[in-house]
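For reference, the chains in residue letters:
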Number of protein chains: 4
Amino acid sequence: MRLRNFIILQTFLEDTVGFVLSQTISEGDSVLLYLDRKRTYLVKVEKGKSFHTHKGFIQLDELIGKEYGTRTASSMGVEFVALKPTLRDHVFKMLRRTQITYPKDIALIVMFSGVGPGSRVVEAGTGTGALTSALAFYVKPTGHVYSYEFRKEFIETALKNLERAGASEYVDVKNKDVTQEIDEEDVDAVVLDMATPWLVVPHACKALKGSGAFVSFSPTIDQVVKTVEALKESGFVDVQTIECIMRRMQTERGKTRPETLMTGHTGYITFARKALGE
Amino acid sequence: MRLRNFIILQTFLEDTVGFVLSQTISEGDSVLLYLDRKRTYLVKVEKGKSFHTHKGFIQLDELIGKEYGTRTASSMGVEFVALKPTLRDHVFKMLRRTQITYPKDIALIVMFSGVGPGSRVVEAGTGTGALTSALAFYVKPTGHVYSYEFRKEFIETALKNLERAGASEYVDVKNKDVTQEIDEEDVDAVVLDMATPWLVVPHACKALKGSGAFVSFSPTIDQVVKTVEALKESGFVDVQTIECIMRRMQTERGKTRPETLMTGHTGYITFARKALGE
Amino acid sequence: MRLRNFIILQTFLEDTVGFVLSQTISEGDSVLLYLDRKRTYLVKVEKGKSFHTHKGFIQLDELIGKEYGTRTASSMGVEFVALKPTLRDHVFKMLRRTQITYPKDIALIVMFSGVGPGSRVVEAGTGTGALTSALAFYVKPTGHVYSYEFRKEFIETALKNLERAGASEYVDVKNKDVTQEIDEEDVDAVVLDMATPWLVVPHACKALKGSGAFVSFSPTIDQVVKTVEALKESGFVDVQTIECIMRRMQTERGKTRPETLMTGHTGYITFARKALGE
Amino acid sequence: MRLRNFIILQTFLEDTVGFVLSQTISEGDSVLLYLDRKRTYLVKVEKGKSFHTHKGFIQLDELIGKEYGTRTASSMGVEFVALKPTLRDHVFKMLRRTQITYPKDIALIVMFSGVGPGSRVVEAGTGTGALTSALAFYVKPTGHVYSYEFRKEFIETALKNLERAGASEYVDVKNKDVTQEIDEEDVDAVVLDMATPWLVVPHACKALKGSGAFVSFSPTIDQVVKTVEALKESGFVDVQTIECIMRRMQTERGKTRPETLMTGHTGYITFARKALGE
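Criteria and cut-off values
Residues numbered from 1 in each chain as written. Chains lettered and ligands numbered in written order. Predicted model: local features only at pLDDT ≥ 70, side-chain atom pairs only at ≥ 80, totals over all residues. Domains from an automatic or database assignment. Contact = placed C-beta atoms within 7 Å. Pairing = 2+ DSSP bridges. Helix = DSSP H or I, 4+ residues; strand = E, 2+ residues; numbered from the N terminus. Nonpolar A, V, L, I, M, F, W, Y, C, P; charged D, E, K, R; others polar. Least-squares fit on C-alpha atoms with pLDDT ≥ 70 in both. Axes fitted to C-alpha atoms, helices over the stretch in contact; angles between N-to-C directions. Expected span 1.5 Å × (residues − 1). Buried ≥ 20, exposed ≤ 12 C-beta atoms within 10 Å, placed from the backbone. Right-handed = clockwise from strand over helix to strand, strands pointing away.

**Overview of the domain arrangement of chain A**
Here's step 1: If you check the domain split of chain A, you get domain 1 (21-83) and domain 2 (88-274).
Here's step 2: A straight line from the C-alpha centre of domain 1 of chain A to that of domain 2 of chain A covers 31 Å.

Structure, rendered in structure tokens:
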């Protein structure tokens, strides 16, 4: 019986959800062309198209049917590697424009919130969809993300990014102001990356299941203090605030050292759990 | 058709995999009794049992049928909250004894490796099973973790921990030395937290799909340098080493500041991607 | 002529100020007995006395006439080194009880304030005298430190510590509340390590020379924000706040890594310069 | 008698050493023109000269006879403040070109080495003279710095910088290779900022007094490991390596946070003390 179910599940997932990705590059797939750590390009493989870089162009045709991980030479003879984009690659590419939730922060938000396969999550604001995509990736295949964004001008880009990252099916993007109301009930987590998270705390308290997780990302101390105060007033427990500082290492025998320049601060992450009653 | 598949999937998951957890506490469930940030207790709810703390005891019977998040008073009248344990809670409780892969590192390892629903992952060493549980949590429901541990004495505890965290179905714990050989092929990721990761690099290269991820966690610089050298020799690309430093904030109006004591170092994380050919 | 002046100066300094310390240990001298990094003992060498540790006792008599740096065996045959105490050693030993201005912060306070030989400095609060000693050390031989401490109970200990560190001649400890008034004028720097530095800003502005330095050390963000606001209102320029995080490295071939535990936060240091007029 | 000596000392210092600086700007003085934190200009006040910036020019004539700290308007009506350059200002301006010993590291090197008024110090390499100036500033008025630099092309600039910082009298710059030999004996400290500090350890051991301090600044871990090994072999004690990470805070009510970009790494500082015998 287990086996039968498994086959049904596989079929379901491959047919419908598409997340058991093939290992061979097909037309329409996204590929991450890797030159070096600082120069990677997320491109869509289309027939008859080429991708131009300052190191020459790459015939995307030629990638079709090859395995991910293939090395390919540009017209100038420079080697690129055609990697399969991971969640992190998608997230990084989306972050270029407006957001500062770095992958490291997204990783901690996801892990510490307990979000996983099957979770129902409310998120705001959508922004470019980077955090949204990450949440969608981890709630698959039976969970869902309800993403609030009151700034109309962000929604189109976000939808495009979610599509590209294969996350659209698991997300509802809602053009609503989350500081006014949350429509959903009994959600597992409320995840915020927005200017005034403290205004959302009462709505989050209502929307969350008992024991559910509240997570908020904020660049400034002032936002953190207001949010923590609101959480304590609403009866949340296990309220914690952390900051994650990421250092890159230059690793080479005889020259090993942390890199000279680093991102000194992205933001603080505040976690809390909803307790019932008071 | 989508709908029909969805119902089959739901049934499959609830019946077989059991990961759509109920919101009501049942006998046999694990509960995290929360007193304050530093005092939380992971206990199994059993009829007729009570749990004793220095703040009095708690009748576990009384929790049955209550919602997660319920506040409950100990025999001394001290309030505890009965939280639903998250992955992080399970991981923390497992880490007490032998490992130093802190949840922050586990979060980064998972996120940066691209491991998600459906991934097939080789991991070593199993240790207490903390990292193993995390990987299992995220590869659900169709992925799998092959966890190598050559130290026999760890295996029993690891299996118990995996059971407790609901991860057993997704993990094979293998009593083998991963520096000798990896049995699996075409895996999505190889994740290492062990003393000599550089010895595993050639086997990882063989086991990984093209574009697959290699991730290694090591406390010392010397381990990192050897591993990075081995990766470059084996034709891996996008080799990066990072360190994540986590600071806790004490957040209280008029007293806000980073906490005085902090964990200064757990380890370095090295990532790489497998390129094909050379 | 230069030479004649030099001889006068030498004589002056040796006779009167005593800071050209001899290289030979004499009765009455302080010696730092070094066992290992975590076990050092600051003791006064006196005839007929011995110093007892859990590694046996040391006859202090036997050190008299020896050179600083001498190795000496305890009664249990364990080796200690008799080091000449530096400013840092004195400061560390004073800090054990009430203060959190760590040597790293003292170093930055001194350097960034421009305090050096000849400077006249107002300081508050005296506390155990650790920061006071450091300032006195660097203003020698012609500068002076005016140290305010309104808590009577600290003054006796501070005076003893200053005496022991050879700093007494360069310091006036004043049992006054610096938030009420500063008596001195035309000082080069005002240096604060106290609970309410913002209340001192107007007095500091009056006491400082044009271009003089204001430096304040505070553990919390809230103190920093209030102080920075007061400085800007009083017409100070070049207002900067920094935090210095110090990591210890464990350095041993094959085991090199940052130490596991570290002091995560001591405090923020705020600097400013007095501009004239407005 | 104390008084008489003091007057002689004052006269000596003012006449000969010149370090009791006047509070009034005179022709020939250096002035730090402050526009904002990132735009400061170290200029020499000369009659008939003006200093041009993109915010207009400043007639340097007009500063003569004014007090340090004076606000002055440029030809475009933009306000500058004429600050008295501190050691830190001189050091910062010297660092622009070749060195990475940041003021924070210089502060720690000075403090932890115990260098103060009267110390005799050997230093290498001179570089632009930034660390040299700092050491000279603190050993005044009776100490001395012997600075080794084998690269001829650095010496002219270093001498100019030392002159400008008022440090020349306290420094001998020697065009010699310190890895070959140290000429001085019985020095209080040996301070190194150079590529191969481990080669200097045996010479440092010979040159230092018992209990004297060895300090070395190195960007890479590999340099640190070699140096620490050499120190232990030569019988040094209290060998410690630290790293100082400095974060700038953006402090403004409602917007307070660490700055986004930061210098992630300058170098490691290794300290040791010379023990006699072995």
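Back to the write-up after that little detour.
**Remarks on the interface of chain C and chain D**
Here's step 1: Opposite the 70 residues of chain C that make contact, chain D presents 70 residues.
Here's step 2: Examined bridge by bridge, strand β12 (residues 236-250) of chain C and strand β12 (residues 236-250) of chain D share nine bridges and lie antiparallel to one another. If you follow C:R247 over to β12(D), its bridge partner there is D:E243.

**A few points about the interface of chain A and chain B**
Here's step 1: Facing 70 residues of chain A, the contacting portion of chain B comprises 70 residues.
Here's step 2: At twelve residues, the largest contribution of residues to the side of chain A that touches chain B is made by strand β12 (residues 236-250) of chain A.
Here's step 3: Looking at the side of chain A that touches chain B residue by residue, the classes come out as 35 nonpolar, 18 polar and 17 charged.

**Side note on the relation of the copies chain A and chain B**
Here's step 1: Note on the identical chains: chain A maps onto chain B by a rotation of 180° and an axial translation of 0.0 Å, with an RMSD of 0.0 Å. Taken together, these values place the two copies in the relation of a two-fold axis.
Here's step 2: Mapped onto chain B, 100% of the interface residues of chain A are again interface residues, and the two copies thus contact each other with one and the same surface.

**Regarding the sheet that holds strand β1 (residues 30-36) of chain D**
Residue and element names in this part refer to chain D.
Here's step 1: Taken in spatial order, the four strands of this open sheet run β2-β1-β6-β5, and their pairing is antiparallel. The strands lining the two open edges of the sheet, one partner per strand, are β2 (39-44) and β5 (70-73). The mean inter-strand angle of the sheet, taken between neighbouring strand axes irrespective of direction, is 30°.
Here's step 2: Of the strand pairs in this sheet, β1 and β2 are connected by six bridges, and their pairing is antiparallel. If you follow D36 over to β2, its bridge partner there is R39.

**Some thoughts on helix α7 (residues 221-233) of chain A**
All names here are of chain A.
Here's step 1: Compared with the 18 Å implied by 1.5 Å per residue over 13 residues, the 18 Å span of α7 between its first and last C-alpha is a close match.
Here's step 2: What α7 keeps buried is the set I221, Q223, V224, V225, K226, T227, V228, A230 and L231.
Here's step 3: Two residues or fewer past α7, G235 is found with a positive phi of approximately 85°.

**Quick look at the pairing of strand β7 (residues 120-124) of chain C**
Side-chain direction in a regular strand flips from residue to residue, so the side chains alternate between the two faces of the sheet.
Residue and element names in this part refer to chain C.
Here's step 1: Counting buried residues in β7 gives five out of five residues, a clear majority hidden from the surface.
Here's step 2: As defined by bridge partners, β7 adjoins strand β8 (residues 144-148) across five bridges and the pair is classed as parallel. Note that in β8 the partner of V122 across the bridge is Y146.
Here's step 3: Crossover handedness for the path β7 to helix α4 (residues 130-139) to β8: right-handed.
Here's step 4: As judged from the four bridges shared by β7 and strand β10 (residues 187-192), these two strands associate in the parallel manner.

**With respect to the relation of the copies chain C and chain D**
Here's step 1: Structural alignment of chain C on chain D gives an RMSD of 0.0 Å, achieved by rotating through 180° and translating 0.0 Å along the axis.
Here's step 2: Interface overlap between copies: 100% of the residues of chain C at the interface are likewise at the interface in chain D, consistent with a symmetric, same-surface contact.

**Thoughts on helix α3 (residues 103-113) of chain D**
Along an α-helix, residues three or four apart share an orientation, since each turn contains 3.6 residues.
Residue and element names in this part refer to chain D.
Here's step 1: Among the eleven residues of α3, eleven are classified as buried, and the element is accordingly described as predominantly covered.
Here's step 2: Of all the positions in α3, only P103, K104, D105, I106, A107, L108, I109, V110, M111, F112 and S113 are classed as buried.
Here's step 3: Just past α3, the residue G114 takes up positive phi, approximately 80°.

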